[in-house]
Amino acid sequence: MAAWTDISGIRQKIADSSAEEVTASYIDIIGKSKINGFTTLWDEAINVARDIDANSHDGPLAGVPIAIKENISTKGISTTCSSKILQGYVPPYDAHVIERLKEAGAVILGKTNMDEFAMGTSTESSYYGPTLNPWDPSRVPGGSSGGSAAVVAAGEAPVSLGSDTGGSVRCPAAFCGTVGLKPTYGCISRYGLISYANSLEQIGPLATNVADIAAIMEVVAGHDPRDSTSINKENTYIDALAEGVEGMRIGVPEEYLSHGIDEKVEKLVWDSIHTFEDLGASYENVSLPHTRYALAAYYIIAMSEASSNLARFDGTRYGFCAEGDNWHLMASKTRAEGFGAEVKRRILLGTYALSAGYQDKYYLKALKVRTLVKQDFERALANVDVLMGPTMPTPAFRIGEKIGDPLSLYMSDVNTVPINLAGVPSISVPCGFADNMPVGLQITGTHFDEKTIMKAAYNFEQNTEHHKKRPPEVA
Amino acid sequence: MITKEEVEHVGWLARIDISDDESYAYAQKLNSVLDYFGQLDEVDTEDVPPTYHVADIVNVFREDKVQDSMPQEEVLANTEHKHDGNFKAPRII
Amino acid sequence: MVYDNPDDVKIGLEVHVQLNKLKTKLFCGCSTDYHNSDPNSHVCPVCLGLPGSLPVINERAVEFAIKIGLALNCSIVEQTQFHRKNYYYPDLPKGFQTTQYDYPIAGNGKIVIEGEDGERVIRITRAHMEEDPGRLQHIGNIERSKGTLINYNRSGMALIEIVSEPDMRSPKEARRYLDKLRSILDYLDVFNGDLEGAMRVDANVSVFNGQRVEVKNISSFKGAERALLYEIMRQKNHIRRGGTITMETRHFDEARGVTLSMRTKEEEHDYRYFPEPDLVPLRVADRVPEVIKTLPELPDAKKERFMKEYNIADMHARALTIEIKVANFYEEVVSKVDPKVAAVWVADILKGELNYRDLTIDAFRVEDIVDVMELVIANSITEQSGVEIIRTVLDHGGKPQDIINKKGLLKVEDNIVAKAVEEAIAQNPEAVADYRAGKEKSLNFIVGKVMQKTKGRADAREARERLIEKLKE
Ligand SMILES: [Mg+2]
Ligand SMILES: [Zn+2]
């Protein structure tokens, strides 16, 4: 494990030695990994680091290694969404965020494991096999950006990018004890992010600390004309962190602390809120009354969109291709063999939810419930600055524990998915340990007010020790 | 309740080959999820408009200006099924 | 006369018009200029549907669509959006077509055509924007093909789909509708109809109030007429033999001139339309006033103006205004010569010669037709020579003056003809006597003498008339 785990430490190390040495050291650590967090290492990484040294690159991330989720397109590096159906697919173009990272001097180490097509909460459904939680290899790292969280927790990369459709950055951040941000919908261009549920998802950074999240955000956030849903807003984050939280009003949604929550998790959340009180903030109970319907609405919308987004994987232009007597049979065999069980279930359910006779009952109904969920947030956030609660109701569960039972797996997303329905920003920060497993505090704000939630998270972090703990294997 | 036949029909619409013995298992799993989705019936959405986009923006356009296309080689680089610059697929019917 | 439509034929047309005068495709920056290029050389991640790519709407395509809607007398919708039409086909790289569904950009329009019994209004149901799929080529024929070749150069081209009500009562009316549509679109300068695939037609046909049958894959106007004639005959024969017509989609086989049933499992559709999450809504109402300002004078209005301004016949005005290029050509001509004479020369003579050769008005220069007309008006050449000059220019090129010199087409002076007539009468008393006695044929002999004396440069008809006149004295 490298002694330098954050961006400022890395920059110091580069100044003392070189970007090449830093990258080589990470490649070395990854080589010894036991957690299966990376799917592909980029063989050009060391050359890029060398170029950065040679050109004295002065970008904000010059020489900083970064790991990228398997569903973000990287020119020349295999990008498969951890699915057999995209086997061998090498994008001919870079996602917008990759272009920005490269300009800023970041060194892409490789691609990280995920639930197939981001459909999951455990990174168990990957075609490359599960990623293990660095804190306890018998447990899941969370998902779907499990690889991106696990490699950061294990010190195999200082920072990473994931994507969050219904909690896919925040859940693994919580389970692996890292920080993870889901920005406001439209804050980061999705150009190059392989769609699962395009009206819900955002790319988001993961890191060991909040300052690094801000540093990545300053590079990757901002308007991109190639994404029609990308919004033009200023993107400075670092300066806001140092402001205090005196007078900050915190809302605690009662629905996030009700049934199904682990008692130890609940206690850690209250401890955290009391820490904020000590720092001069105040809290009050608020209600998000449609939370209990958010999960069903979320899954209907996500599956419906997915059924269409994943239609392009038909074996004709890229990826896995099966044999068939005619094109339609070839396509249906390719898809039967190329997709895993959960992906196929979601495509079938989404197809059903959009089909003639059922669209109003499922898809349209879900979009109306989405309106109610969104209004819940607008109402609650009209009176408070941020909402706080547990990111996940429990610590990381065991590998295999929920895989056969889709519904119980879906239930664990209960606190994260409403946020994607509303499109608001949300961050998960480490807030302690339950049964020696990390627990995440979820802080949620209003549209495009990333600054406030990052400031809250930063102040919390500066006044607690949780984020400094490392997994036993790594420490 | 989704029937075995409906599963097969949806499988065809989604171009996912489902064998006869799979369709029963699918029907069971899908039904448990659809059952759960059914709880939305409880919510009164009488006068509630649907939310398609969370951001309330309209009219995002691109100028009619030519940008580079990809070289043919690159277009065809991800498949082995090609012929004279075309993609090659099995016959349609 | 009122057309009574004995078989109760009802034809509705769906016409896909490619907006190939845009510089780029509907959702990406790929050039629309792919017609003479290698396959798959005009594609990018967006129009190839690569994972992660996202569409962005071409602003000018929206302007074009509004313009077309207005020209078809449609109302333009306040706000619209794009939907996904989900179905699987190898020419569709995303597994769905991005199109418009519940709020087409334009609707409730109409155009007027020359019907079986005079002017006929054809109602336009809707006109919506959508993207073109790629192009498939079957190795062998579609039914027993060994494989399919796919070229995505066309993928993502902006289309307007114009859907009519079933208001046409014969293949001829359908053809007239298509001609009129093309005429209007030409005027708007939104597409080049000469490019392959610029206008593609699907037809709905029913007879005797039966179920309608959809005929797809019609790629030319001539093809549309043939396909409809065949399909109407097929339906009538089928009913005559006791069959009933059920709703289905048939494929027009251009080579064989027949329509074939396409009923297969692939044809079962449930398109699962839903709004495209990657695109935001379009508020188009605010743009209409600007677009109205860009609308040109359209064919019907131009025809009326020509009749009034140039005092020409309805038939001529119509012929001159079908094609914008012909109308512009005519207006250049009338700035120099009499409009009525010009109407005859352009609408009847020149267009006739062009049609015969399958040429467009571009094949002829304004100054050349003006030269020809001026010479005819000045009586320096005969009308026949004028036609001959036009034919020569079209077939071999060259300037009228050179052709006149080379062929010696200049009419001889009047007094020379008069002198030749007098000499011929004086020198051939026998023939004159025969003619006067009622032998009409003798006149030909005398005409021949006149032509001999003028070395053929006299107009034979004129010489004949002068002789008759003279011999009456
Ligand atoms: Mg269409
Ligand atoms: Zn393109």
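Anyway, here's the lowdown on the structure attached to this text. Model, not experiment: these values are computed from the prediction. One numbering rule holds for all chains: residues counted from 1, following each sequence as written. Key to labels: chains lettered from A, ligands numbered from 1, both in the order written. Per-residue local features are limited, in this predicted model, to residues with pLDDT of at least 70; the limit for side-chain atom pairs, both in listing and counting, is 80 or more; totals at the level of whole chains, interfaces and linings are taken over all residues. The basis for the side-chain values is all heavy atoms of the structure; hydrogens and waters are excluded.

1. A look at the overall build of chain B
Right, on to step 1. The helix and strand labels rest on DSSP assignments: H or I over at least four residues marks a helix, E over at least two residues marks a strand, and numbering proceeds from the N terminus. Of regular secondary structure, chain B possesses three helices and three strands.
Right, on to step 2. When the elements of chain B are put in sequence order from the N terminus, they spell out α-α-β-α-β-β.
Right, on to step 3. Note on method: radius of gyration uses C-alpha positions; expected globular size equals 2.2 Å times residues raised to 0.38. Taken over C-alpha atoms, the radius of gyration comes to 23 Å for chain B, far larger than the 12 Å a tight globule of 93 residues would show.
Right, on to step 4. Each residue gets one of three labels from its accessible area relative to the maximum for its type: buried under 20%, exposed over 50%, partly exposed in between, using a 1.4 Å probe on protein chains only. The buried share of chain B, taken over its 93 residues, is 44%.
Right, on to step 5. Residue exposure ignores everything except the shown protein chains as possible cover, and the areas themselves are Shrake-Rupley values with a 1.4 Å probe. Summed over all atoms, the accessible surface of chain B reaches about 5,200 Å², with 45% contributed by carbon and sulfur.

2. Some remarks on the coordination of the magnesium ion (ligand 1)
All names here are of chain C.
Right, on to step 1. Ligating atoms shown are N, O and S within 2.8 Å of the metal, or 3.2 Å for Na, K and Ca, and water is not included, meaning a site may look less than complete. Around the magnesium ion (ligand 1), the protein contributes the donor atoms His-16 (NE2), Glu-130 (OE) and Glu-161 (OE), at 2.0 to 2.5 Å from the metal centre.
Right, on to step 2. Between consecutive donor residues of the magnesium ion (ligand 1), the sequence gaps follow H-x113-E-x30-E. Of the two residues, Glu-130 is situated in strand β8 (residues 118–131) and Glu-161 in strand β11 (residues 158–164); the sequence distance between them amounts to 31 residues.
Right, on to step 3. Classification of Glu-130 by relative accessible area gives buried; the value is 3%.

3. Thoughts on the pattern of salt bridges
Right, on to step 1. Salt bridge, as applied in this entry: a Lys or Arg side-chain nitrogen positioned within 4 Å of an Asp or Glu carboxyl oxygen. Taken as a whole and assessed by the stated rule, the structure comprises 75 salt bridges over all chains.
Right, on to step 2. Residue Arg-292 of chain A is joined to Glu-42 of chain B by a salt bridge in which the shortest nitrogen-to-oxygen separation is 3.9 Å. On the criterion of chain membership, the pair formed by Arg-292 of chain A in helix α10 (residues 291–309) and Glu-42 of chain B in the loop between α2 (20–37) and β1 (61–62) is interchain, its members lying in two chains.
Right, on to step 3. By relative accessible area, Arg-292 of chain A is classed as exposed at 53%.
Right, on to step 4. Relative accessible area serves as the criterion here: at 52%, Glu-42 of chain B is assigned to the exposed category.
Right, on to step 5. Beyond isolated ion pairs, a larger network of salt bridges with shared partners links Arg-190 and Asp-227 of chain A together with Arg-84, Glu-276 and Asp-278 of chain C.

4. Regarding a negative patch on the surface
Right, on to step 1. Residues with no salt bridge and a relative accessible area higher than 30% make up the patches, which join like charges within 9 Å and nonpolar side chains (Val, Leu, Ile, Met, Phe, Trp, Tyr) within 5 Å. When charges are counted, Lys and Arg contribute as positive and Asp and Glu as negative, whereas His and the chain ends are disregarded. Charge positions are represented by NZ for Lys, CZ for Arg, CG for Asp and CD for Glu. Taken together, the side chains of Glu-337 of chain A together with Asp-17, Asp-21 and Glu-22 of chain B make up a negatively charged region of the molecular surface.
Right, on to step 2. Note that Asp-17 of chain B resides in the loop between α1 (4–13) and α2.

5. Here we look at the interface of chain B and chain C
Right, on to step 1. Taken together, the contact pairs 33 residues of chain B with 57 residues of chain C.
Right, on to step 2. Throughout, buried area stands for the accessible area (probe radius 1.4 Å) lost by two parts on being put together, summed over both. Buried surface at the junction of chain B and chain C, summed over both partners, amounts to about 4,000 Å²; 60% is from carbon and sulfur atoms.
Right, on to step 3. Three residues, Arg-62, Asp-64 and Ile-92 of chain B, lead the burial of chain B against chain C; their summed loss comes to 20% of the area buried on that side.
Right, on to step 4. At the junction of chain B with chain C, the criterion picks out one salt bridge.
Right, on to step 5. One salt bridge connects Arg-60 of chain C with Asp-64 of chain B, and the closest N-O pair in it is separated by 3.6 Å.
Right, on to step 6. Counted as a polar contact is a pair of N or O atoms within 3.5 Å, where, for protein atoms, one must be capable of donating a hydrogen and the other of accepting one, and residues adjacent in sequence contribute only when both atoms are in side chains. Across the contact surface, chain B and chain C share 23 residue pairs in polar contact (both at pLDDT 80 or more).
Right, on to step 7. Of the pairings in the sheet, the one linking strand β3 (residues 86–89) of chain B to strand β10 (residues 147–151) of chain C comprises three bridges and is antiparallel in character. Its bridge partner lying in β10 of chain C, Phe-87 of chain B is registered against Ile-150 of chain C. Any pair of residues with heavy atoms lying within 4.5 Å of one another is described as a contacting pair. For two strands to be treated as a pair, DSSP must find at least two bridges joining them.

6. What to know about the sheet that holds β10 of chain C
Right, on to step 1. The four strands are arranged β2(B)-β3(B)-β10(C)-β9(C) in an open sheet whose pairing can be described as antiparallel. Strands at the two margins of the open sheet, each flanked by one partner only, are β2 (82–83) of chain B together with β9 (135–139) of chain C.
Right, on to step 2. Taken together, the two bridges between β2 of chain B and β3 of chain B define a ladder with antiparallel strand orientation. The residue bridging Lys-82 of chain B from the neighbouring strand is Phe-87 of chain B, located in β3 of chain B.

7. Brief notes about empty space enclosed by the protein
Residue and element names in this part refer to chain C.
Right, on to step 1. For cavity detection a 1 Å grid was placed over the protein atoms alone, and a set of points counts as a cavity when a 1.4 Å probe fits there but cannot get out; an open set counts as a pocket when protein lies on both sides within 12 Å along at least five of seven lines, with lining residues being those that have an atom within 4 Å of a point. Grid points are joined across faces, edges and corners, and a volume is the space filled by probe spheres set on the points. Tallied over the full model, the rule gives nine cavities of 30 Å³ or more.
Right, on to step 2. Considering only enclosed or pocket space, the largest cavity measures out at about 110 Å³ in volume.
Right, on to step 3. In terms of lining residues, the largest cavity is bounded by 18 residues, among which Phe-27, Val-46, Leu-54, Pro-55 and Lys-94 are the most central.
Right, on to step 4. When residue character is reported, Ala, Val, Leu, Ile, Met, Phe, Trp, Tyr, Cys and Pro are called nonpolar, Asp, Glu, Lys and Arg charged, and the others, Gly included, polar. Of the residues in the lining of the largest cavity, the class split is eight nonpolar, three polar and seven charged.

8. Looking at the environment of Ala-460 of chain C
All names here are of chain C.
Right, on to step 1. Secondary-structure assignment places Ala-460 in helix α15 (residues 460–472).
Right, on to step 2. Counting along the chain gives 10 residues from Ala-460 to Val-450, while the straight-line C-alpha distance between them is 8.6 Å.
Right, on to step 3. Among residues more than four places away in sequence, those in contact with Ala-460 are Val-447 and Met-451.

9. Side note on the sheet that holds strand β9 (residues 386–390) of chain A
Residue and element names in this part refer to chain A.
Right, on to step 1. Spatially, the 11 strands line up as an open sheet ordered β1-β3-β2-β4-β6-β5-β10-β11-β9-β7-β8, and their pairing is mixed. Every other strand in the sheet has two partners, leaving β1 (38–41) and β8 (282–286) as the edge strands with one partner each. Pairs of neighbouring strands in the sheet enclose a mean axial angle of 30°, with direction left out of account.
Right, on to step 2. Here β9 pairs with strand β11 (residues 437–444) via four bridges, running antiparallel. Bridged to Met-388 within β11 is Ile-443.
Right, on to step 3. Its contacts with the sheet put helix α16 (residues 450–462) on β5 (179–182), β9, β10 (426–434) and β11, and the angle it makes with β10 is roughly 25°. Comment: axis = line fitted to C-alpha atoms, over the contacting stretch for helices; angle = value between 0 and 180 degrees taken between N-to-C directions.

10. Some details on the packing of aromatic side chains
Residue and element names in this part refer to chain A.
Right, on to step 1. Between rings of Phe, Tyr and Trp, where Trp is taken as its six-membered ring, a pair exists when centres lie within 6.5 Å; planes separated by under 30 degrees are stacked, by over 60 edge-to-face, and by other angles tilted. If you walk through the whole model with that rule in mind, you get 25 aromatic pairs over all chains.
Right, on to step 2. Aromatic pair Phe-276 and Phe-460: ring centres 5.5 Å apart, planes at 10°, arrangement stacked. With Phe-276 in helix α9 (residues 263–278) and Phe-460 in helix α16, this pair connects stretches of sequence that are 184 residues apart.
Right, on to step 3. Ring pairs connect the aromatic residues Tyr-89, Phe-117, Phe-313, Tyr-318 and Phe-339, which therefore count as one cluster.
Right, on to step 4. In this analysis the charged atom, NZ for Lys or CZ for Arg, is taken to sit over a ring once it is within 6 Å of the ring centre and within 35 degrees of the ring normal. The ring of Phe-448 carries the charged tip of Lys-233 above its face, separated from the ring centre by 4.2 Å.

11. Focus: the interface of chain B and chain A
Accessible area lost during the coming together of the parts is what is often quoted as the interface size.
Right, on to step 1. Contacts between the two partners involve 46 residues from chain B, matched on the other side by 63 residues from chain A.
Right, on to step 2. Here chain B packs against chain A, burying approximately 5,100 Å² in sum over the two surfaces, 69% of which is carbon and sulfur.
Right, on to step 3. When the buried area of chain B at its contact with chain A is split by residue, Leu-40, Val-54 and Asn-78 of chain B rank highest and sum to 14% of it.
Right, on to step 4. Across the chain B-chain A interface, the total number found is two salt bridges.
Right, on to step 5. Between chain B and chain A we count 14 residue pairs in polar contact (both at pLDDT 80 or more) in total.
Right, on to step 6. It is α2 of chain B that contributes the most residues to the side of chain B that touches chain A, eight residues altogether.
Right, on to step 7. Looking at side-chain class alone, the side of chain B that touches chain A contains 29 nonpolar, eight polar and nine charged residues.

Remember that the coordinates give geometry; whether it matters functionally is a separate question.
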